[in-house]
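What follows is each chain in one-letter form.
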Amino acid sequence: MIDKDLDRGEERVRPAVAADVPAVKAVTDAAYRHYIERIGVVPQPMEADHRADVGAGKVFVTGEPVVGLVVIEAFADHLFLDSIAVRPAAHGTGVGRRLLRFVDARARELGLDEIRLYTNAMMWENQRIYPKYGYEVVERRVDGPYDRLHYRKRLD
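Residues numbered from 1 in each chain as written. Predicted model: local features only at pLDDT ≥ 70, side-chain atom pairs only at ≥ 80, totals over all residues. Heavy atoms only, no water.

J.: Please clarify how the overall build of the protein should be interpreted in this entry.
T.: From N to C terminus, the protein includes five helices and nine strands. Each helix and strand of the protein, placed in order from N terminus to C terminus, yields the pattern β-β-β-α-α-α-β-β-β-α-β-α-β-β. Taken over the C-alpha trace, the protein has a radius of gyration of 15 Å; the compact-globule value for 156 residues is 15 Å, and the two agree within 12%. Principal axes of the C-alpha set define a box for the protein whose edges measure 45 × 35 × 30 Å. The buried share of the protein, taken over its 156 residues, is 43%. (Helix = DSSP H or I, 4+ residues; strand = E, 2+ residues; numbered from the N terminus. Rg over C-alpha atoms; globule rule 2.2 N^0.38 Å. Buried < 20%, exposed > 50% of the residue type's maximum accessible area, 1.4 Å probe, protein only.)

Below is the structure:
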């Protein structure tokens, strides 16, 4: 049985467990693979230690089987959205929107009023998406081989 969000009739977002690690890797790879040629390097989320992130409680998934996920980390003054990935076949179905709403709710639950993230400057699609959800660019910075746009969202 699939848990549903009673208010929205959607599959819920839940903490990932060890059994989800292969799906977390598969969804992440599928979501980011097409960027390799464009940016000239393997996107950092594809090289993450998914087992360690799941073990540390940083990964939350949705769908059965998993169709989307976020990797988040709480700091004293903000929640960092390290990665968001949606299986390409699920694009346009609201999975990403559900995950971004979850990140907002998680930040509030933790008493944090700001969310931060960055995206590669060559990932143009993200530059159209994040502002729609209240994120603003605060800085562009090169970190090693990555040219990144840093965003933040202040919560009410």
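J.: Where do I start with the side chain of D20 in this structure?
T.: Within the element layout of this structure, D20 appears in the loop between β3 (13–15) and α1 (21–32). Within the structure, D20 has its side chain in polar contact with the side chain of R14 (distance 2.7 Å). With near-sequence residues (within four places) excluded, D20 lies in contact with R14, P15, V61 and V66. (Polar contact = N/O pair within 3.5 Å; in protein donor to acceptor, adjacent residues only side chain to side chain. Contact = heavy atoms within 4.5 Å.)

J.: Is there a simple way to think about the layout of surface pockets in this case?
T.: Here the idea is plain: a probe the size of a water molecule rolls over the atoms and shows the empty space left. Volume-wise, the largest pocket comes out at about 920 Å³. What lines the largest pocket is a set of 41 residues, and nearest its centre among them are I84, V86, N126, I129 and Y130. Elements with a minimum of two residues in the lining of the largest pocket: α1, α2 (35–39), α3 (50–55), β6 (79–86), α4 (95–109), β7 (114–120), α5 (124–132) and β9 (146–154). For the lining of the largest pocket, the element with the most residues is β6, which contributes six residues. Looking at the lining of the largest pocket, its residues break down into 22 nonpolar, 13 polar and six charged. (1 Å grid on protein atoms, 1.4 Å probe; cavity = no way out; pocket = protein on both sides within 12 Å on 5 of 7 lines; lining within 4 Å. Points joined across faces, edges and corners; volume = space filled by probe spheres on them. Nonpolar A, V, L, I, M, F, W, Y, C, P; charged D, E, K, R; others polar.)

J.: It is not clear to me how the confidence of the model for the protein should be interpreted in this structure. Could you clarify?
T.: Atomic detail in the predicted coordinates should be set aside for any region of low pLDDT. In this model, the protein carries an average pLDDT of 93, and 94% of its residues clear a pLDDT of 70 or more. Confidence over residues 1–9 falls short of pLDDT 50; this stretch has eleven contacts with residues more than four positions distant or in other chains. (pLDDT = per-residue confidence, 0-100.)

J.: It is not clear to me how the sheet that holds β7 should be interpreted in this structure. Could you clarify?
T.: To summarise the sheet geometry, strands pair through backbone hydrogen bonds and adopt either a parallel or an antiparallel arrangement. Read across the open sheet, the seven strands follow the order β3-β4-β5-β6-β7-β9-β8; overall the sheet is mixed. Each end of this open sheet is capped by a strand with a single partner; those strands are β3 and β8 (136–143). Averaged over all adjacent pairs, the angle separating strand axes in this sheet is 30 degrees, with direction ignored. By the bridge criterion, four bridges tie strand β4 (residues 59–62) to strand β5 (residues 68–74) in an arrangement that is antiparallel. (Pairing = 2+ DSSP bridges. Axes fitted to C-alpha atoms, helices over the stretch in contact; angles between N-to-C directions.)

J.: Can you help me understand the packing of aromatic side chains in this one?
T.: Aromatic rings in a pair are described by how distant their centres are and how their planes are angled relative to each other. Tallying each qualifying case throughout the model produces five aromatic pairs. Ring centres of F60 and F102 lie 4.9 Å apart, and the angle between their planes is 45 degrees; this geometry places the pair in the tilted category. With a gap of 42 residues between them, F60 in strand β4 and F102 in helix α4 connect regions that are remote in the sequence. Given the relative accessible area of 7%, F60 is considered buried. Classification of F102 as buried rests on a relative accessible area of 17%. Following the ring pairs from residue to residue traces out a cluster consisting of Y130, Y135 and Y151. (Phe/Tyr/Trp six-rings, centres within 6.5 Å; stacked < 30°, edge-to-face > 60°.)

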